[in-house]
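Working through the structure, step by step
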Amino acid sequence: MVDMYASLRSNVGTLGQILGDTIRTDLDGTFLDKIEQIRHLAKSSRQGDDAAREEMLTLLSSLSDDELVPFAKAFNQFLNLANIAEQFHTISRNCDELVCVPDPVEQLLGRMLGGNIDKTKVLECLKTLDIDLVLTAHPTEISRRTLIQKYSAVIDALAALENPQLTELEKKQHHLRLRQLIAQIWHTNEIRHERPTPVDEARWGLSTIEASLWHAIPDFLRQLNQQVEERTNTQLPIDIAPVKFSSWMGGDRDGNPFVTSTVTQEVLDRNRHTAARLYLKDVVLLVNELSMEGANETLLAYTDDSKEPYRVVLRVLRQKLRNTIDYLNARLEGHQPEVDPSEIIWHESDLKEPLMMLYQSLCDSGMSLIANGLLLDMLRRIACFGIHMLRLDVRQDAQRHADVIAELTRYLGMGDYAHWDETEKQAFLLRELTGKRPLIPANWQASAEVEEVVKTCRLIATQPAQAMGSYVISMASQPSDVLAVLLLLKETGCPHPMRVVPLFETLDDLNNASDCMSALFAIDWYRGYTKGIQEVMIGYSDSAKDAGVMAAAWAQYTAQEKLVAISQEANIKLTLFHGRGGTIGRGGGPAHQAILSQPPGSVDGRIRVTEQGEMIRFKFGLPKLAVQSLALYTSAVMEATLLPPPEPKPEWRQCMQQLADESVLAYRAIVREEPDFVSYFRAATPEIELGKLPLGSRPAKRRVDGGIESLRAIPWIFAWSQNRLMLPAWLGAGEALKAASERGDLPLLQEMEKHWPFFKTRISMLEMVYAKAEPNLSKFYETSLVPTELHHLGVQLRDRLATGIEAVLELTQAESLMAHTPWNRESVELRNPYIDPLNFLQAELLARTRREQESSQNVELALMLTIAGVAAGMRNTG
């Protein structure tokens, strides 16, 4: 039998061996032997060898303070290198067909253009696609940017080694490069010394674009165009941009006091600066390439019959881009430079129109082959990235806007907005929105928090419309939440109608989303403002934290159905914005599968999706990977539009509603009603210690004095993934499935799993989570860290986990979890022997730090490294 993963295992082995050699050189062979011994014992322990487990624990607990950091570092880096090998395997020449499916767009176009769908419809759908991927920090992305760059270089070296025509000398050179890179990685501190600022996060997002997406976009569109041309004999438009990018980095101020209007302004300038710098590189290359003389009349007239007309135009652009960079450099240094807008790239048209003139001239002069090279790539980059690189969303909590209006009405003697009912609020807001007099007095001295909200709105008013994305209102629940933002934008002089987007997050808010939007659509002034276009954001993280994954998923599904129905009735084009995370507990999972599991009619050629933290690197960190991800999104959105999934049968709905009702009760019985739950959670996971890890710029809690209800969804899930119980991703679901099965609904569940993409996706995600959960490890944390009187809760949780696994296996009729996705199972199994020792050591270190008043620096750093290593091994951690 052919080993499908031989090349993957070979690369993992090569990288692991080089890491081992590096450790032996840096420390000594004895220490490396101890690491290897622990790794082998972990493997045997996983196969049920209790003696091996005890020996491993003895070795781990006897590690000296000086050995803790290099030990944790060794296992951490091995997991990072395994991730690199796996990431490379999906784009490798030796990639197995189960891992590297044929190009999704090629498959889809083949199926659609070869089937019953009208070719014109397919092409029209492709031309009007509007996929907006919103990069968010939320960083459970543990890795520092300097290490990410080294990991990319490792992949380059692995790719070079696959060339079958390499000489022995060339092979040695590439192996030497690998050894140098892994030595650099080993001698670099993985843990940031300081928490990143919002500007650092934004720069991290820009580096992903520069290193990967900048190259991937034209590559992807060229491949797409080639496939369309082969099948239809037509070319895609020059300025086609099915996928665009936005960002929350530097704009998301929900619960993050460090994102101020000053920070947002700096991020906007940096975005534009990066775009200008990258376009300048393109123009410099074009000056070298476009040396030809032949041109059409338009270009010759524009350049006074110059001998090198293309270069004349490009040299002007080159200077304007240099001026733009100088101008933005001065702004970033804190100056307010005077500038003549005609001397810099001020609008997108300043860059696009001269390049279009060159493109047309080349085509008219019989040089289409040249036109469709780098020049076309640049035009397509402009269509995708504009001159601002990323459209920046602003996000703020609904309560903060209400606080501004309330403080204003009290100051003006108009009463207290905070105490009015919804009808009174709407009447007041609409009166002010349609009135002509200003509401905010010039001499008003607002409180600091209110002043910051007003400053943000004033900043938005000064920006070109193309620089900004949506204004997202978190924890939205009423029409007044939307109208309040519109009033603030009007009062601060915003000259263009910004998209204002309610984000429905909790279970109650999702259930009431359609009522809220119906009420807004019934307001004539509001309908006029929207011009027939509305965006609504669906929250995954907080709804799952509020109600559990099964109930949250159904609430998200039904909310979308209702929103689609009322929008169609009101003749409004709806775009749904999915606030997904990397984990199942935050709506994560394979994007293609997720999009196809949405309700019929909810995609309709338009979608916005957040891409967060480490998932940005896994999907878009390398140009080839990014092309794959762009193709997957394009094909999924086209398929969901042209071949939507079936409407669920009434009996499926009824069954799903019952599952949701029972799962939310089971979930809340533990999370809300179990008096010992919070104490158990804080003892059994590194939740408190996570606060010390310099991950993202946001505090872990929305309120410093809040309990578990104020804990953000990310640390809530991150903590449970560290002790390997993965609780937020399954609690409540298994109990509901078991109850349905006992009622005799198993055949119905199996029918739903087979024929309903939404339900199939839910079960598939549960399978993956159950496969990653490790009850024995969570029990070890409990024994090491949790007071004895709370152990009963751990027993109950592990029983519920076992119930869920049993229920899913009964439903799928499989002998083991993920039997139908061997690649995913292989991926999990490959890592386990390396994650387990980190988990055991983490529990030991947590016990030490909690016992002692003050821990040594080595213990603190080793603990952080175990957290980073487990996160690297688990992949979708937050």
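Thresholds, definitions, all that
- Residues numbered from 1 in each chain as written.
- Predicted model: local features only at pLDDT ≥ 70, side-chain atom pairs only at ≥ 80, totals over all residues.
- Heavy atoms only, no water.
- Helix = DSSP H or I, 4+ residues; strand = E, 2+ residues; numbered from the N terminus.
- Rg over C-alpha atoms; globule rule 2.2 N^0.38 Å.
- Buried < 20%, exposed > 50% of the residue type's maximum accessible area, 1.4 Å probe, protein only.
- Contact = heavy atoms within 4.5 Å.
- Phe/Tyr/Trp six-rings, centres within 6.5 Å; stacked < 30°, edge-to-face > 60°.
- Lys NZ or Arg CZ within 6 Å of the ring centre and 35° of its normal.
- Core = buried A, V, L, I, M, F, W, Y, C linked by side-chain atoms within 4.5 Å.
- Expected span 1.5 Å × (residues − 1).
- Polar contact = N/O pair within 3.5 Å; in protein donor to acceptor, adjacent residues only side chain to side chain.
- Patch = residues over 30% accessible without salt bridge, like charges linked within 9 Å, V, L, I, M, F, W, Y side chains within 5 Å.
- Areas by Shrake-Rupley, 256 points an atom, 1.4 Å probe, with all protein chains shown as cover.
- Salt bridge = Lys/Arg side-chain N within 4 Å of Asp/Glu carboxyl O.
- Pairing = 2+ DSSP bridges.
- Axes fitted to C-alpha atoms, helices over the stretch in contact; angles between N-to-C directions.
- pLDDT = per-residue confidence, 0-100.
- Right-handed = clockwise from strand over helix to strand, strands pointing away.
- Lys, Arg positive; Asp, Glu negative; His and termini not counted.
- Charge placed at Lys NZ, Arg CZ, Asp CG, Glu CD.
- Parallel < 35°, antiparallel > 145°, perpendicular 65-115°, else oblique.
- Left-handed = near helix turned anticlockwise from the far one by under 90°.
- Nonpolar A, V, L, I, M, F, W, Y, C, P; charged D, E, K, R; others polar.

**Some words on the overall build of the protein**
Counting its regular elements, the protein contains 37 helices and eight strands. Computed over its C-alpha atoms, the radius of gyration of the protein comes to 28 Å, within 12% of the 29 Å expected for a compact globule of 878 residues. Overall, the protein is about 85 × 80 × 60 Å in size when its C-alpha atoms are taken along their principal axes. When burial is assessed residue by residue, the protein has 60% of its 878 residues classed as buried. Across the protein, the fraction of contacts at a sequence separation of at least 24, relative to all contacts at a separation of at least 6, is 82%.

**Remarks on the packing of aromatic side chains**
Scanning all chains against the criterion turns up 29 aromatic pairs. When the centroid spacing of 5.9 Å and the interplanar angle of 45° are considered together, the rings of Trp554 and Phe758 count as tilted. Here Trp554, found in helix α23 (residues 549-569), pairs with Phe758, found in helix α33 (residues 757-772); they are 204 residues apart in sequence, far enough to count as distant. Feature note: the residues Trp214, Phe245, Tyr279, Phe385 and Phe620 constitute an aromatic cluster, connected by ring pairs. One cation-aromatic arrangement involves Arg272 over Trp346; the distance from NZ or CZ to the ring centre is 5.5 Å. When the ring centre of Phe577 is taken as origin, the NZ or CZ atom of Arg608, which lies over that ring, is 4.5 Å away.

**Some remarks on the nonpolar core**
Phe245, Leu351, Leu355, Phe385, Trp730, Leu737 and Phe759 are the most contacted members of the largest nonpolar core, which has 288 residues in total. Beyond its immediate stretch of four places on either side in the chain, Leu355 contacts Leu314, Leu317, Leu375, Met378, Leu379 and Ile382. Of all hydrophobic cores here, the second largest spans seven residues; its members include Trp248, Val472, Val501 and Met537.

**Quick word on helix α17 (residues 422-434)**
Helix length check: α17, at 13 residues, gives a terminal C-alpha distance of 18 Å against a target of 18 Å (1.5 Å per residue), a fit within 8%. Residues Lys425, Gln426, Phe428, Leu429, Leu430, Glu432 and Leu433 constitute the buried set of α17. The inward-facing, buried residues of α17 contact α16 (398-411), α19 (479-491) and α21 (524-530). The N-capping residue of α17, defined by a side-chain oxygen 3.1 Å from the backbone nitrogen of Thr423, is Asp421.

**Brief notes about a nonpolar patch on the surface**
Together, Tyr411, Leu412 and Met414 give the surface a local cluster of nonpolar side chains, amounting to about 250 Å² of exposed area. The topology assignment puts Tyr411 in helix α16.

**Some remarks on the sheet that holds strand β3 (residues 391-397)**
What links the strands of a sheet is backbone hydrogen bonding, and the strands pair in either a parallel or an antiparallel sense. With parallel pairing, eight strands are arranged side by side around a closed barrel as β1-β2-β3-β4-β5-β6-β7-β8. For this sheet, the mean angle separating the axes of adjacent strands, direction not counted, is 25°. Bridge count between strand β4 (residues 468-474) and strand β5 (residues 499-504): four bridges; the pairing is parallel. Following the sheet pairing, Ile473 is matched in β5 by Pro502.

**A few points about the pattern of salt bridges**
If you walk through the whole model with that rule in mind, you get 43 salt bridges. For Arg39, the salt bridge goes to Glu36, with nearest N and O atoms at 2.8 Å. Placement of the pair is Arg39 and Glu36 together in helix α2 (residues 29-46), with a separation of three residues, close to one helical turn. Classification of Arg39 as buried rests on a relative accessible area of 15%. The partly exposed category is assigned to Glu36, whose relative accessible area is 30%. Here Asp254 and Arg395 are joined by a salt bridge, their closest N and O atoms 3.5 Å apart. Highlighted residues: Asp254 in the loop between β2 (243-247) and α10 (261-289) and Arg395 in strand β3, separated in sequence by 141 residues. The same class applies to Asp254 and to Arg395, which are both buried. Linked by salt bridges that have partners in common, Asp132, Asp393, Arg499, Glu535 and Arg608 make up one network.

**Some words on the confidence of the model for the protein**
For the protein, the average pLDDT comes to 89, and 93% of its residues sit at 70 or higher. Counting interchain partners and residues more than four positions distant, the pLDDT-below-50 stretch residues 582-589 has 43 contacts.

**Comments concerning the pairing of β5**
Judged by how many residues are buried, β5 sits mostly within the fold: five of six residues are covered. Following the backbone out of β4, through α19 and into the adjacent parallel β5, one traces a crossover that is right-handed. By the bridge criterion, two bridges tie β5 to strand β6 (residues 533-539) in an arrangement that is parallel. Across the sheet, the residue bridging to Phe504 is Ile538, located in β6.

**Quick notes on a negative patch on the surface**
A cluster of acidic residues, Asp49, Asp50, Glu54 and Glu55, forms a negative patch at the surface. Take Asp50: it is sitting in helix α3 (residues 50-61). Among the residues examined, Asp50 registers a relative accessible area of 57% and is labelled exposed.

**Re the side chain of Asp377**
Positionally, Asp377 belongs in helix α15 (residues 374-385). Non-local contacts of Asp377, meaning those with residues more than four positions away in its chain, are made with Pro218 and Arg222.

**Structural notes on the side chain of Thr492**
Inspection of the secondary structure puts Thr492 in the loop between α19 and β5. Take Thr492: its relative accessible area is 12%, and that puts it in the buried class. One polar contact links the side chain of Thr492 to the main-chain carbonyl oxygen of Leu488, over a distance of 2.7 Å. Excluding its chain neighbours within four sequence positions, the residues that come into contact with Thr492 are Val454, Cys457, Arg458 and Ala461.

**So, the packing of helix α4 (residues 65-89) against helix α8 (residues 168-186)**
The N-to-C vectors of α4 and α8 enclose an angle of 135°; their axes lie 11 Å apart at closest approach. Looking at the two axes, α4 sits oblique to α8. When the axes of α4 and α8 are compared, the crossing they make is right-handed. Within the contact between the two elements, α4 uses Pro70, Lys73, Ala74, Gln77 and Leu81 and α8 uses Ile182, Ile185 and Trp186. Partitioned by chemical class, the residues of the contact of α4 with α8 number six nonpolar, one polar and one charged.

**Overview of unusual backbone geometry**
Look at Asn571: it is not a glycine, yet its phi comes out positive at around 60°. Its location among the elements puts Asn571 in the loop between α23 and β7 (573-579). Although it is not a glycine, Arg724 sits at a positive phi angle of roughly 70°.

**A look at the packing of helix α1 (residues 6-26) against α4**
Two elements in contact, α1 and α4, have axes separated by 9 Å at closest approach and are oriented at 150°. Taken together, the axes of α1 and α4 lie roughly antiparallel to each other. Classified by chirality, the crossing of α4 by α1 is right-handed. Residue-level inspection shows Ser7, Leu8, Asn11, Val12, Leu15, Gly16, Leu19 and Ile23 of α1 in contact with α4, the latter providing Ala74, Gln77, Phe78, Leu81, Ala82, Ala85, Glu86, Phe88 and His89. When its residues are assigned to classes, the contact of α1 with α4 shows eleven nonpolar, five polar and one charged.

**Considering the environment of Val485**
In this structure, Val485 sits in helix α19. Relative accessible area serves as the criterion here: at 1%, Val485 is assigned to the buried category. Remark: the alpha-carbon pair of Val485 and Ala467, spanning 18 residues in sequence, is separated by 19 Å. Those residues in contact with Val485 that lie beyond four places of it in its chain are His401, Tyr471, Ile473 and Val500.

**Some points on helix α12 (residues 309-332)**
The terminal C-alpha atoms of α12 lie 35 Å apart, and with 24 residues this matches the ideal 34 Å at 1.5 Å per residue to within 8%. Among the residues making up α12, those that are buried are Pro309, Tyr310, Arg311, Val313, Leu314, Leu317, Leu321, Thr324, Ile325, Tyr327, Leu328 and Ala330. After α12 finishes, the residue Gly334 shows a positive phi value of roughly 95°.

**Observations regarding the pairing of β4**
Of all the seven residues making up β4, seven are buried; the element is thus mostly covered by neighbouring parts of the structure. Both β3 and β4 contribute to a ladder of five bridges, which runs parallel. Paired with Leu392 across the bridge in β4 is Met468.

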